[in-house]
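For reference, the chains in residue letters:
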Amino acid sequence: MRVEEAFFFNPQDPGNTRCDHDLEVLHQLTAIQRIKLNRQDLLIGDWSATHFSCTCCPVSLKMINPDIKIVVMLRDPTQRALSRFVEQKRQANFPQHQAVRNHTFASYVDVELGSLEACLARAAPFRRPGGDKPAAEGGAAPAQPVGWGAGMDLGQWQEMQCFNRHSGWRAGAIFGWSVYDVYLSNYMAHFPPSQLLVLYTDELAERPLEVLQRLETFLGAPPHKYEAELLSRVYNSRECYHWRCGRQRSEIRPLSALDAGAGPDDGLFANAVARLRAFYLPHMQRLFQWADEGRIPLVPPAWRTAYAA
Ligand SMILES: Nc1ncnc2c1ncn2[C@@H]1O[C@H](COP(=O)(O)OS(=O)(=O)O)[C@@H](OP(=O)(O)O)[C@H]1O
């Protein structure tokens, strides 16, 4: 299956979760490709950033392949949200375009963050009694990673649904998908550190070769000789949102230059960014705690400043 983001197991539409998608179809797809290409060693797979936020994917993926290696690349959560907003705003055929087209980033934060916070407040009473304060009350979830089917309680499950879909399918993608601790916890609860590599976009931007070499070592892949020109290229950037479109870093304009409602130099934008950072802060503190405990690699220093308690 040479398709990017086949969405075979992850619920692209949360109303139609596919963690229990027909395995026979998967086996047939594999067999067809093996016959077509006359390759018995051909492996079939699915990759997507959306696996990270998918509640039941760690369980399904573990059952498909208990030795699977998971790679997660994290970006500053507010920057990720901004990027997603601009992406949806600039692409008329993208799933959240209608939701954001008449908004600036500041007005969207105003409306959506309030709705997300209300959703979390409705989930909070279902937290296990005696547990830590839920995110809705500004607390951090327990430091010990919990996952779906691995220690997660009903309230945490409902909170995760808020982050994923608080206002319609895929709407959670703009703000909710930046709540990394909740999603990372789900994978950490199901996979040992030897099967889970956490990387940061900051280091990919600064030291791409080093990141790729770390990835090769983790996967046990043979070292590849990368062209320098390719290493400095950025794909799927705000200048052209497409997997096959690469730009040199120097060609990518700042968000504020794009006329996408993100970054006019006024107080409203700065307030929205500050509000979002405050929202992510307890979640980021939990990531910092995991980094301090050596469960995940050290986080980029800029994150510690932006999300200082
Ligand atoms: N190498 C490297 N270094 C730094 N930043 C990079 C790199 N590659 C991609 N990007 C930025 O990632 C943003 C797109 O993310 P994704 O490709 O994960 O988006 S998607 O959700 O899968 O559609 C998009 O961010 P924005 O340009 O801010 O929107 C890309 O510019």
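Residues numbered from 1 in each chain as written. Predicted model: local features only at pLDDT ≥ 70, side-chain atom pairs only at ≥ 80, totals over all residues.

Counting its secondary structure elements, the protein contains 14 helices and 4 strands. By residue count, 31% of the 309 residues in the protein fall in the buried class. For the protein, restricting intrachain contacts to residue pairs at least 6 apart in sequence, the fraction spanning at least 24 positions comes to 62%. (Helix = DSSP H or I, 4+ residues; strand = E, 2+ residues; numbered from the N terminus. Buried ≥ 20, exposed ≤ 12 C-beta atoms within 10 Å, placed from the backbone. Contact = placed C-beta atoms within 7 Å.)

With that settled, the discussion passes to helix H9 (residues 180-188). Among the 9 residues that make up H9, 9 are buried, leaving the element largely enclosed by the rest of the structure. All buried positions along H9 are accounted for by Tyr180, Asp181, Val182, Tyr183, Leu184, Ser185, Asn186, Tyr187 and Met188.

This paragraph deals with the UniProt feature "binding site: 3'-phosphoadenylyl sulfate" (unreviewed entry) in the protein. Following the UniProt record, one finds the feature "binding site: 3'-phosphoadenylyl sulfate" (unreviewed entry) at Tyr241. With respect to the secondary-structure elements, Tyr241 resides in the loop between strand E3 (233-235) and strand E4 (246-248). Look past the residues within four positions of Tyr241 in its chain and what remains in contact with it is Glu87, Arg90, Gln91 and Asn236. (UniProt positions renumbered as here; feature names shortened; annotations may be inferred.)

A separate point is the environment of Leu116. Along the polypeptide, Leu116 turns up in helix H6 (residues 105-123). Once the C-alpha coordinates of Leu116 and Glu159 are considered, the two residues, 43 residues apart in sequence, prove to be 9.5 Å apart.

What follows covers the site of the ligand. All residues in the neighbourhood of the ligand are listed as Ala49, Ser83, Val86, Glu87, Thr201, Leu204, Ala205, Val234, Tyr235, Asn236, Ser237 and Arg238. Elements with a minimum of two residues in the shell around the ligand: helix H4 (77-90), helix H10 (201-206) and E3. Here the residues of the shell around the ligand are counted per class, giving 6 nonpolar, 4 polar and 2 charged. (Near = placed C-beta within 6 Å. Nonpolar A, V, L, I, M, F, W, Y, C, P; charged D, E, K, R; others polar.)

Attention now goes to the nonpolar core. Inside soluble globular proteins, nonpolar side chains tend to come together where they are buried. Counting residues in hydrophobic clusters, the biggest one holds 45 residues, and the most contacted among them are Leu82, Phe85, Phe105, Cys162, Tyr180 and Ala272. The dominant element in this core, judged by the number of residues it contributes, is H6, at 8 residues. Ignoring sequence-local partners within four residues, the contact set of Phe105 consists of Leu82, Phe85, Gly261, Ala262, Phe269 and Ala272. If you look at the next biggest cluster of nonpolar residues, it comprises 5 residues, including Phe8, Phe9, Cys54 and Leu61. (Core = buried A, V, L, I, M, F, W, Y, C linked by C-beta atoms within 7 Å.)

Here the focus is the environment of Asp22. Within the element layout of this structure, Asp22 appears in the segment before helix H1 (23-37). As a C-alpha pair, Asp22 and Ala121 span 99 residues in sequence and 36 Å in three-dimensional space.

Turning our attention to the packing of H6 against helix H7 (residues 154-165). Where H6 meets H7, the axes come as close as 8 Å, and the angle between the chain directions of the two elements is 165°. The angle between H6 and H7 falls in the class roughly antiparallel. Note that H6 runs across H7; the crossing there is right-handed. Taking contact as the criterion, the partners of Leu116, Cys119, Leu120 and Ala123 in H6 are, on H7, Gly155, Gln158, Glu159 and Cys162. Its residues assigned to classes, the contact of H6 with H7 shows 5 nonpolar, 2 polar and 1 charged. (Axes fitted to C-alpha atoms, helices over the stretch in contact; angles between N-to-C directions. Parallel < 35°, antiparallel > 145°, perpendicular 65-115°, else oblique. Left-handed = near helix turned anticlockwise from the far one by under 90°.)

So, on to H4. An α-helix turns once per 3.6 residues; consequently, residues spaced three or four apart project the same way. Over its 14 residues, H4 extends 20 Å from the first C-alpha to the last, a length consistent with the 20 Å expected when each residue adds 1.5 Å. Burial of H4 is extensive: 11 of the 14 residues sit out of reach of the surface. Within H4 the residues assigned to the buried category are Pro77, Thr78, Arg80, Ala81, Leu82, Ser83, Phe85, Val86, Glu87, Gln88 and Lys89. (Expected span 1.5 Å × (residues − 1).)

The contact between H4 and helix H13 (residues 267-292) brings their axes to 9 Å, and the two run at 130°. With respect to H13, the axis of H4 lies oblique. Facing Pro77, Thr78 and Ala81 of H4, the residues of H13 in contact are Val273, Leu276, Arg277, Tyr280 and Met284. Within the contact of H4 with H13, the residues separate by chemical class into 6 nonpolar, 1 polar and 1 charged.

Attention now moves to unusual backbone geometry. In this model, Asn38 sits at a positive phi of 50°, which is unusual for a non-glycine residue. Mapped onto the elements of the fold, Asn38 is located in the loop between H1 and helix H2 (50-53). Residue Asn38 is classed as exposed on the basis of its 7 C-beta neighbours within 10 Å. You will see that Asn236, though not glycine, has its phi angle at about 55°, which is positive. Mapped onto the secondary structure, Asn236 falls in the loop between E3 and E4. The exposure class of Asn236 is partly exposed, given the 15 C-beta atoms found within 10 Å.

Across the protein, pLDDT averages 87, with 88% of residues at or above 70. Interface confidence in the predicted complex, given as ipTM, is 0.96; pTM for the same model is 0.91. (pLDDT = per-residue confidence, 0-100.)

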